[in-house]
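Inside the fold
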Amino acid sequence: MQWETVIGLEIHAQLSTQSKIFSGSATTFGAEPNTQANLVDLGMPGTLPVLNAEAVRMACKFGLAIDAQIAGKNVFARKNYFYPDLPKGYQTSQMDHPIVGKGFLDITLEDGTVKRIGITRAHLEEDAGKSLHEDFHGMSGIDLNRAGTPLLEIVSEPDIRSAKEAVAYVKAIHALVRYLGICDGNMAEGSLRCDCNVSVRPKGQEAFGTRAEIKNVNSFRFIEKAINHEVQRQIELIEDGGKVVQETRLYDPNKDETRSMRSKEEANDYRYFPCPDLLPVVIEHSFLDEIRASLPELPTQKRERFQSEFGLSAYDASVLSASREMADYFEAVNQVCGDAKLAANWVMVELSSLLNKEGLEIEQSPVSAEQLGGMILRIKDNTISGKIAKMVFEAMAAGEGSADQIIEQKGLKQVTDTGAIDAMLDEVLAANAAQVEQYRASDEAKRGKMFGFFVGQAMKASKGKANPGQVNELLKKKLEG
C-alpha cells in the first residue's frame, strides 16, 4: 500500500523581551537556578500579572510578516494542568481569541519549487519552568527561571507532506523570527522548539489518520529524524494490523526512536476559561501601522532582490539570505568590491568553510566584510591571483592585517609583466625539453592533459605569482610554435 504523510507543526518561539510576559523578572539565559523568578512567577497568592507590551508588539510584527489577520481584540485564558514546574497550577495562554489569525509562509523545497504552508494561528503564552533530573539522587529539582518567559506559539495547517518539507518550514520560521528581531532562534538553549504532529493515510484518502505528537524537538536534524522514525513506526503498526493511538511521544536522539509519554489531551481536558486577572487586549490600527512601517526587508524579499539586482542564482540567493547576519555581511562585501558574484563565492565557500571549522557564527568572523571586500578588489585588478588570494585570506583570518598589508609584507604581488613571464616560460620549456617534444608529437586529447603539467611547472617556477591567464596564453603560443 502507498502511504501519504501528513504533518502539522507547533513552533514555540521565545520572544526576545528583556522581562517576562506578566512580570518584571529578567529572561537572561544561563542564570543560577531560581534567581530570576519573582512572586508573580512563583504563583504566590495575591499577586497580579501585568502584560508586557513589547511581547504584544513582537507578536503583531510576526503576524504582519506572514500576512495574517491581527485580532483587534484578543483574550488570555487559563490552561489548567498540574505539573511540578507550573507553580500556579495553570498556564496563561490564548485559546479562542489568539492575537494572530490565519496567515501563510512560502518555503523553497530542494528541487527549487515553492510551496505555501498555511499558518492557522499564533498566540501568546507563558513558558513553564524546567525539571532537572541530574545530580539529585533519584529526585528532581525545579528551576523556575524560565517560568513566565514570553512564548509565541506558531501553529501550522497540516499542509506538510514529508520530513524534509517540515525542516524547510522550520528553517523558514527560524529565519523569519531572527530577521524580525523577535527571537534569537537559539535551539540549543530552547529559544525555538518544535512539536511535530504526525499521521499517515493511504494515498488518495481524504480523511486524516490518527496523529501522534512528538514534543519539544530542538534541532533541524532531530526534527527530520524524529518524523521519519514516527512515520515508519505508524506504517508498520497499521500494516501489522494495529491501530495508531492519539498520544504524546518523546524523541530519543541517542536511540533514534520515539517513545510514548502520555495519552494526548483534548482542549476540554485543560478546562480553558478567560483569565479573570487580565483584561482583553485591544489593538488599534495606529499601533499596527507603526509596526508595519518598522518591518525590515524579509527573507523572501531579500532573496528575490539578490536575484534581480545582483544576478545571483536562486540557490546562491537562498543561501545568502538564510540569515540576516549572512545577508548583511554579503552586502557589505559587495559594497566594497562591486562584484556580487565574486563576493557571493567567497562568502559561501571560503568564509563559510572557515566559520564551520572554527565553530563560529558569521558575526564572530575573524575576517571583516571590509577586509574581504578589499581582498576581492586585489583579485579584480590582477594584483593577486585566486590561488594567492587563499593565502591572503588565511593570513587575514590569522589577524595579520588587511589584504594590502599582507600582499606587501609577504611579497605576494602577481607578476603581470609579459616580458618577465616570457623569459620564465623559456626556462621552464628548456628544462623540460623531452616533454615539449612529446607534447608536439601527441594528438589533441593527450596534449590537453600534458598542458596542465607545463602550467604547473610555470606556476611553481614563479612561486604562484605569475598571472595564470597570461601564463596559459603565452605557453600555448610557445608550445604550438
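That block above? That's the structure.
The following refers to the structure shown. On a predicted model such as this, the values are computed, not experimentally measured, just so you know.

**Observations concerning helix α3 (residues 220-239)**
Residues spaced three or four apart along an α-helix point in a common direction, a consequence of the helix completing one turn every 3.6 residues. If you check α3, its first and last C-alpha atoms are 29 Å apart, about what 20 residues at 1.5 Å a residue would give, namely 28 Å. Three or more residues of α3 are buried, namely Phe222, Ile223, Ala226, Ile227, Glu230, Val231, Arg233, Gln234 and Ile235. In this fold, the buried residues of α3 make contact with β1 (3-14), α2 (163-180), β10 (192-202), β11 (212-217), β12 (247-252) and β13 (257-263). In the segment just after α3, Gly241 is the residue with positive phi, at about 95°.

**Focus on the packing of aromatic side chains**
The tally for this structure, following the rule as stated, stands at nine aromatic pairs. On the basis of an interplanar angle of 65° and a centroid distance of 5.1 Å, the ring pair of Phe306 and Phe330 is categorised as edge-to-face. Of the two residues, Phe306 is situated in helix α5 (residues 299-310) and Phe330 in helix α7 (residues 324-337); the sequence distance between them amounts to 24 residues. An identical accessibility class is assigned to Phe306 and Phe330; each is buried.

**Regarding unusual backbone geometry**
Positive phi outside glycine occurs at Asn34, with the angle close to 60°. By the secondary structure assignment, Asn34 is in the loop between β1 and α1 (53-65). With phi around 60°, Asp67 is a residue other than glycine that occupies positive phi space. Mapped onto the secondary structure, Asp67 falls in the loop between α1 and β2 (73-74).

**Side note on the pattern of salt bridges**
Scanning all chains against the criterion turns up 32 salt bridges. Here Glu230 ties to Arg249 by a salt bridge, and the two come within 3.3 Å at their closest N and O atoms. Of this pair, Glu230 sits in helix α3 while Arg249 sits in strand β12, and the two are 19 residues apart along the sequence. The exposure class assigned to Glu230 is buried, which follows from its relative accessible area of 0%. Ionic pairing is found between Glu400 and Lys410, a salt bridge with its closest N-O pair at 3.2 Å. Separated by 10 residues along the polypeptide, Glu400 in the loop between α10 (386-397) and α11 (403-410) and Lys410 in helix α11 bring together distant segments of the chain. A relative accessible area of 35% means that Glu400 is categorised as partly exposed.

**Some thoughts on the packing of α7 against helix α9 (residues 369-380)**
Direction vectors running N to C along α7 and α9 enclose 40°, while the axes themselves pass 8 Å from each other. Viewed along their axes, α7 and α9 adopt a mutual orientation that is oblique. Between α7 and α9 the crossing geometry is right-handed. Here Tyr329, Ala332, Val333, Val336 and Cys337 of α7 come into contact with α9, specifically with Ala369, Glu370, Leu372, Gly373, Gly374, Ile376, Leu377 and Lys380. Along the lines of polarity and charge, the residues of the contact of α7 with α9 split into nine nonpolar, two polar and two charged.

**Regarding the sheet that holds strand β4 (residues 90-93)**
Across the sheet, which stays open at both edges, the three strands sit in the order β4-β3-β14 with antiparallel pairing between neighbours. The sheet is open, and its two edges are formed by β4 and β14 (273-274), each paired on a single side. Alignment of strand β3 (residues 77-80) against β4, held across four bridges, turns out to be antiparallel. Across the sheet, Ala77 pairs through a bridge with Ser93, a residue of β4.

**A word on the nonpolar core**
Membership of the largest hydrophobic core comes to 66 residues, with the highest contact counts inside it found for Phe62, Leu124, Ile154, Tyr169 and Ile223. Looking at which element gives the most residues to this core, the answer is α2, with 11 residues. Leu124 has contacts with Leu15, Ile21, Ala55, Val56, Ala59, Phe76, Ser93, Gln94, Ile99, Leu151 and Leu152, leaving out every residue within four places of it along the chain. Formed by 40 residues, the second largest nonpolar core is a distinct cluster that contains Phe310, Leu355, Leu372 and Ile406.

**A few points about the side chain of Ser385**
Tracing the chain through its elements places Ser385 in the loop between α9 and α10. Polar contacts involving the side chain of Ser385 include one to the main-chain amide nitrogen of Ile388, which spans 3.2 Å.

**Digging into the sheet that holds strand β9 (residues 150-156)**
With respect to topology, eight strands assemble into an open sheet ordered β5-β6-β9-β1-β10-β11-β12-β13, the strand pairing being mixed. Strands at the two margins of the open sheet, each flanked by one partner only, are β5 (103-108) and β13. On average, each strand axis in the sheet is inclined to that of its neighbour by 30°, with strand direction left out of account. The pairing of β10 with β11 spans four bridges and is classified as antiparallel.

Calculation notes
Residues numbered from 1 in each chain as written. Predicted model: local features only at pLDDT ≥ 70, side-chain atom pairs only at ≥ 80, totals over all residues. Heavy atoms only, no water. Helix = DSSP H or I, 4+ residues; strand = E, 2+ residues; numbered from the N terminus. Expected span 1.5 Å × (residues − 1). Buried < 20%, exposed > 50% of the residue type's maximum accessible area, 1.4 Å probe, protein only. Contact = heavy atoms within 4.5 Å. Phe/Tyr/Trp six-rings, centres within 6.5 Å; stacked < 30°, edge-to-face > 60°. Salt bridge = Lys/Arg side-chain N within 4 Å of Asp/Glu carboxyl O. Axes fitted to C-alpha atoms, helices over the stretch in contact; angles between N-to-C directions. Parallel < 35°, antiparallel > 145°, perpendicular 65-115°, else oblique. Left-handed = near helix turned anticlockwise from the far one by under 90°. Nonpolar A, V, L, I, M, F, W, Y, C, P; charged D, E, K, R; others polar. Pairing = 2+ DSSP bridges. Core = buried A, V, L, I, M, F, W, Y, C linked by side-chain atoms within 4.5 Å. Polar contact = N/O pair within 3.5 Å; in protein donor to acceptor, adjacent residues only side chain to side chain.

Without other data, these values stay purely geometric and don't point to any function.
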